[in-house]
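Inside the fold
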Amino acid sequence: MKKAVAVMCVCAAIAITAGAAPRAVESSVHAAGTLRASTRSYNETVAGSGSLAYSGEHEITSALPLVIDKFYVAEGDSVEIGDRIAAVDKAATASLIESLGQVSQLAVAAANLSTAVSLIPEEITSDCAGKVISVAGSGASIESGYAVATISKGSRLYVNAAISELDISKVEDGQPVRFTCAAYPDTVFMGVVSGIASAARNQYNGAVLETVVDIRVTPNDEDKRLKSGLSADVEILLEEPRQICVLPYEAIGQDNAGEFIYVYEDGAAVRRNIFTGAEFSDGTEVIKGVSPTDIVLAEPEKIAQKSYIKLKS
């Protein structure tokens with residue numbers, strides 16, 4: 001009898017142990033969150049910045065600092081060579097020159113200050129024909145060499161933008177462009193590349209000196225909101241839209257072998273090396289290594305060396 005009881009106790013212990021084993025194994029399996037690759041339409045672009053200007057813009061300037069009494073023209077007026085642009089306040093201009101203590105190169109060449117004052121013109125005339133696109137304003141003090149008025153020799157408004165030398169090889173005449181202006185941040189304007197400079201130049205981007213090439217963009221529409229001098233950010237569309245796969249950054253790991261993900265297959269985490277492309281705020285394009293039907297595991301750095309995975313509900 002005692003022997004039978006002992007056997008029963010042993011069997012019960014084995015049964016309890018056997019029942020607990022799956023639970024222990026299950027608790028040791030890593031629970032992973034899942035993600036899916038999304039698809040979206042994408043245009044590769046080249047970005048640049050610049051401003052709007054009319055073709056053939058010309059500034060009417062003075063070698064002397066001036067105070068303007070009144071303007072004879074306004075924005076939008078047409079002028080010919082020799083037409084009066086503005087009357088000069090000679091008394092105020094003389095006071096301005098004396099207060100500055102120094103005058104323009106033209107006046108410096110004169111024998112003395114009184115000679116410089118005698119050179120103050122009665123009025124400013126246009127030295128070119130075209131349309132007035134801006135004037136300094138009546139009563140304005142204008143420094144030597146600065147524009148009294150700006151005349152456009154052409155009637156078409158363009159965007160002049162600087163493109164990095166690293167990207168200019170991708171840019172061609174005729175490519176579509178979308179651009180925005182700080183004055184209208186919620187409006188996207190469309191245009192086309194209509195000119196590329198034949199030479200590069202240097203410009204500062206903050207404290208960094210960079211080499212850029214200027215391009216010209218012709219807006220598709222003559223929108224009255226677009227004005228000469230407005231700043232503009234441009235995006236040149238390099239190709240027709242294409243469908244791409246995008247994965248969130250939290251699904252992608254990186255080690256000495258490169259970038260990788262883990263996908264869920266038959267209860268196990270399977271590593272795949274991937275190749276990425278364009279980057280976005282919410283993820284990156286995966287060129288090779290994933291499809292929208294794959295179950296991708298989040299936080300790959302926590303999955304390394306784990307063969308079997310359970311999915312979080």
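The structure reproduced in this document is the subject of the present report. As the structure is a prediction and not an experimental result, all values here were calculated from the model.

Read from one edge of the open sheet, 4 strands run 3-19-24-23, paired in antiparallel fashion. The strands lining the two open edges of the sheet, one partner per strand, are strand 3 (38-42) and strand 23 (275-280). Averaged over neighbouring strand pairs, the angle between their axes works out to 45° when direction is ignored.

Among the secondary structure elements, Asp294 is positioned in the loop between strand 24 (283-288) and strand 25 (296-297). Separated by 259 residues in sequence, Asp294 and Leu35 place their C-alpha atoms 8.6 Å apart. In contact with Asp294, not counting residues within four places along its chain, are Leu35, Arg36, Val263 and Arg272. Engagement of the side chain of Asp294 in a polar contact is seen with the side chain of Arg272, the distance being 2.8 Å.

Another point: the pairing of strand 21 (residues 258-265). On a regular strand, each side chain points to the face opposite its neighbour's, so the side chains alternate between the two faces of the sheet. Judged from the 3 bridges that link them, strand 20 (residues 253-255) and strand 21 form a sheet pairing that is antiparallel. Bridge pairing links Gly253 to Phe260 in strand 21. Turn length for the strand 20-strand 21 hairpin, with the two strands adjacent in sequence and antiparallel, is 2 residues. Note that strand 21 and strand 22 (residues 268-273) share 6 bridges and pair antiparallel. Each bridged residue has a counterpart across the sheet, and for Tyr264 the counterpart in strand 22 is Ala269.

Moving on to the nonpolar core. Membership of the largest hydrophobic core comes to 22 residues, with the highest contact counts inside it found for Ile163, Val171, Phe179, Ile215 and Ile236. Going through the elements one at a time, strand 4 (45-54), strand 13 (157-164), strand 14 (176-181), strand 15 (184-196), strand 17 (208-219) and strand 18 (231-237) are the ones with two or more residues in this core. With 4 residues, the top contributor of residues to this core is strand 13. Not counting residues within four places of it along the chain, the set of residues in contact with Phe179 comprises Val159, Thr187, Val188, Phe189, Met190, Gly191, Pro219, Leu226, Ala232, Asp233 and Val234. Core analysis: the second largest hydrophobic core is formed by 21 residues, Leu64, Ile68, Val132 and Ile142 among them.

This part covers the pattern of salt bridges. Within the structure shown, the criterion is met by 14 salt bridges. A salt bridge links Arg84 to Glu123; the nearest nitrogen and oxygen atoms lie 3.8 Å apart. Pair noted here: Arg84 is in strand 8 (residues 84-88) and Glu123 is in strand 9 (residues 123-125), with a separation of 39 residues, a long-range link. Take Arg84: its relative accessible area is 42%, and that puts it in the partly exposed class. Between Arg201 and Asp214 there is a salt bridge, with its nearest N and O atoms 2.7 Å apart. One end of the pair, Arg201, is in strand 16 (residues 201-205); the other, Asp214, is in strand 17, and 13 residues separate them in sequence. Residue class for Asp214 comes out partly exposed when judged on its relative accessible area of 27%. Three or more residues are tied together by salt bridges with common partners; here these are Glu44, Asp167 and Lys170.

Turning our attention to the side chain of Ser152. Relative to the helices and strands, Ser152 is located in strand 12 (residues 147-152). Looking at Ser152, the relative accessible area reads 1%, which means it is buried. Residues contacting Ser152, with those up to four places away along its chain left out, are Tyr54, Ser55, Gly56, Glu57, Ala129, Gly130, Lys131 and Ile133.

Moving on to the sheet that holds strand 12. Ordered by their spatial adjacency, 4 strands build an open sheet running 5-12-10-7, and the pairing between neighbours is antiparallel. The open sheet is flanked by strand 5 (57-61) and strand 7 (78-79), the only strands paired with a single partner. By the bridge criterion, 4 bridges tie strand 10 (residues 130-135) to strand 12 in an arrangement that is antiparallel. Across the sheet, Lys131 pairs through a bridge with Ser152, a residue of strand 12.

All right, on to the packing of aromatic side chains then. Taken as a whole and assessed by the stated rule, the structure comprises 4 aromatic pairs. Centroid distance Phe179 to Phe189: 5.4 Å. Interplanar angle 25°. Geometry classified as stacked. With Phe179 in strand 14 and Phe189 in strand 15, this residue pair connects regions lying 10 residues apart in the sequence. Neither Phe179 nor Phe189 differs from the other in exposure class; each is buried. Ring centres of Tyr184 and Phe189 lie 6.4 Å apart, and the angle between their planes is 75°; on these two criteria the pair is classed as edge-to-face. On the basis of relative accessible area, Tyr184 is assigned to the partly exposed category, the value being 23%. Residue Phe189 is classed as buried on the basis of its relative accessible area of 7%. Three or more aromatic residues joined by ring pairs make a cluster, and in this case those are Phe179, Tyr184 and Phe189. In this structure, Arg40 packs its charged tip against the face of Phe280, placed 4.9 Å from the ring centre. In this structure, Arg84 packs its charged tip against the face of Tyr72, placed 3.9 Å from the ring centre.

Cut-off values and rules
Residues numbered from 1 in each chain as written. Predicted model: local features only at pLDDT ≥ 70, side-chain atom pairs only at ≥ 80, totals over all residues. Heavy atoms only, no water. Pairing = 2+ DSSP bridges. Helix = DSSP H or I, 4+ residues; strand = E, 2+ residues; numbered from the N terminus. Axes fitted to C-alpha atoms, helices over the stretch in contact; angles between N-to-C directions. Contact = heavy atoms within 4.5 Å. Polar contact = N/O pair within 3.5 Å; in protein donor to acceptor, adjacent residues only side chain to side chain. Core = buried A, V, L, I, M, F, W, Y, C linked by side-chain atoms within 4.5 Å. Buried < 20%, exposed > 50% of the residue type's maximum accessible area, 1.4 Å probe, protein only. Salt bridge = Lys/Arg side-chain N within 4 Å of Asp/Glu carboxyl O. Phe/Tyr/Trp six-rings, centres within 6.5 Å; stacked < 30°, edge-to-face > 60°. Lys NZ or Arg CZ within 6 Å of the ring centre and 35° of its normal.

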